[in-house]
Amino acid sequence: MSGPVLRAADALAAEQLPAFLYDLPGLRAHAAAVRAALPERVELYYAAKANPAPPLLTALRGAVDGYEVSSAGELAHVRAAVPDAPLAFGGPGRTPAEFTAALALGVHRWHVESERDLHLLAAAATGPVDLLLRVNLPVASGTLDSVALAMGGRPTPFGLDPDRAAACLELLARPEYARLRLRGVHAHLASGLAAAEQLALAERVVEWSVSLAARHGFALDEVNIGGGMAVDYADPAARFDWTAFGKGLADLLDRRPGLTLRIEPGRALTAYCGWYATEVLDVKHSHGEDFAVLGGGTHHLRTPATRGHDQPFTVRPVAAWPHPWPRPAVTTGRATLCGQLCTPKDVLAHRAPAAGLRAADRVVFAMAGAYGWNISHHDFLMHPHPGFHFLEGGED
Ligand SMILES: *Cc1c(COP(=O)(O)O)cnc(C)c1O
């Protein structure tokens, strides 16, 4: 799958580096496989914040049922890229202006994160509004200890405290809130969960939602169990077990006739389709260790710095060395791959195997498709922005 991407990276002129390359046929195939592993009664949404590049949004359209957005800006952007797609809209701090803008553009499901959201939504709505209550459910202690980003199961600003669900239901029962139609519950509790952990969480969220609906006498049509399917940067070949996850969800749905489940992964859909290609500018030996200084860095691909991992990479040796002076090269077998920023945090991979790596060789980082360029601090140090190449296949 990565062959065409590496060849496309080789074909770029040195002046075109650094560059992001995206494998759109690969993304389509991956998303279609995810969709195929899920039961029919599970709707697949893509969390646009993972990577909102329009060609990716468009490529996903055939496999996903909709998109999850977290601001009016994302909402307008996704609406323009995939005009017909259903949108789910959440987020902890939406302004009244965002509520009005989103109502005008049309939202399939509102994720209500507080009583304030209900008040603002009721005041702004001119027609029916379908919503889910986003709840920060307690989870068994230890369940989320291993994950990178816990957004629930402990004190956080995300979603409603379970204690406040009753107050929201009381508001929704009032005549002046009649436009607001409660369809179910939403819970995005963490990112980085394996299939078995996701299933355990899904069971817990559905159980809690069913009992809330029974206590308060509302029809539970839908439960959105969020995103957070694990991506393992240390092992690019290891993938979230969508087959086991789909089977587990099918079991769960067999026990809950009439219920629709929704999931909204971001990272696990787009991480694998993106590469960041650059070249080695210099190799320095410093206090016994080698440092390969690359064009670009974490101002383009911040992911390894924010998560504290080493970004997986492939070296593409370049034979030509145009200079009369000696070519700097790694001599210790390992090198820290760093960028052009004047900060020790600008590291893409620490002490990685890099025997023989030389200046002017190319390095192509894999798994750069999610939370890469769009979360990075592009203008820190004012280096040029990278190129973007959305490969359709058949380029070579
Ligand atoms: C970030 C986020 C997601 C996607 O999380 P991933 O870890 O990228 O799958 C889904 N839902 C909500 C509410 C989010 O905030």
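Below or above, wherever it landed, is the structure these notes cover. As the structure is a computational prediction, the values presented were derived from the model and not from experiment. (Residues numbered from 1 in each chain as written. Predicted model: local features only at pLDDT ≥ 70, side-chain atom pairs only at ≥ 80, totals over all residues. Heavy atoms only, no water.)

### So, the environment of Leu201
Step number 1: With respect to the helices and strands, Leu201 occurs in helix α8 (residues 195-216).
Step number 2: Residues Leu201 and Ala359, 158 residues apart in the sequence, show an inter-C-alpha distance of 48 Å. (Helix = DSSP H or I, 4+ residues; strand = E, 2+ residues; numbered from the N terminus.)

### Some points on α8
Working note: α-helix, 3.6 residues per turn, so residues spaced by three or four point in the same direction.
Step number 1: Its 22 residues give α8 an end-to-end C-alpha distance of 31 Å, which sits within 8% of 32 Å, the value for a rise of 1.5 Å per residue.
Step number 2: Along α8, the residues that are buried comprise Ala195, Gln198, Leu199, Leu201, Ala202, Val205, Val206, Trp208, Ser209, Leu212 and Ala213.
Step number 3: In this fold, the buried residues of α8 make contact with α7 (165-172), β8 (180-186), β10 (222-224), α9 (242-254) and β11 (260-263).
Step number 4: After α8 finishes, the residue Gly217 shows a positive phi value of roughly 65°. (Expected span 1.5 Å × (residues − 1). Buried < 20%, exposed > 50% of the residue type's maximum accessible area, 1.4 Å probe, protein only. Contact = heavy atoms within 4.5 Å.)

### A look at the site of the ligand
Step number 1: The full set close to the ligand counts 15 residues, and Lys49, Ser191, Gly228, Glu264 and Tyr371 are the nearest of them.
Step number 2: The separation between an oxygen atom of the ligand and a polar main-chain atom of Gly266 is 2.9 Å.
Step number 3: Out of a free accessible area of 390 Å², the ligand has 96% covered by protein chains.
Step number 4: Tallied by class, residues from the shell around the ligand come to four nonpolar, six polar and five charged. (Near = heavy atom within 4 Å. Polar contact = N/O pair within 3.5 Å; in protein donor to acceptor, adjacent residues only side chain to side chain. Areas by Shrake-Rupley, 256 points an atom, 1.4 Å probe, with all protein chains shown as cover. Nonpolar A, V, L, I, M, F, W, Y, C, P; charged D, E, K, R; others polar.)

### A word on the pattern of salt bridges
Step number 1: Evaluated as defined, the whole model comprises 20 salt bridges.
Step number 2: Its salt-bridge partner being Glu43, residue Arg262 comes within 2.9 Å of it at the nearest N-O pair. Of this pair, Arg262 sits in strand β11 while Glu43 sits in strand β2 (residues 42-47), and the two are 219 residues apart along the sequence.
Step number 3: Assessed through its relative accessible area of 23%, Glu43 is described here as partly exposed.
Step number 4: Look at the salt bridges and you will find they share partners, linking Glu43, Arg109, Asp130, Arg181, Arg183, Asp221, Glu222 and Arg262 into a network. (Salt bridge = Lys/Arg side-chain N within 4 Å of Asp/Glu carboxyl O.)

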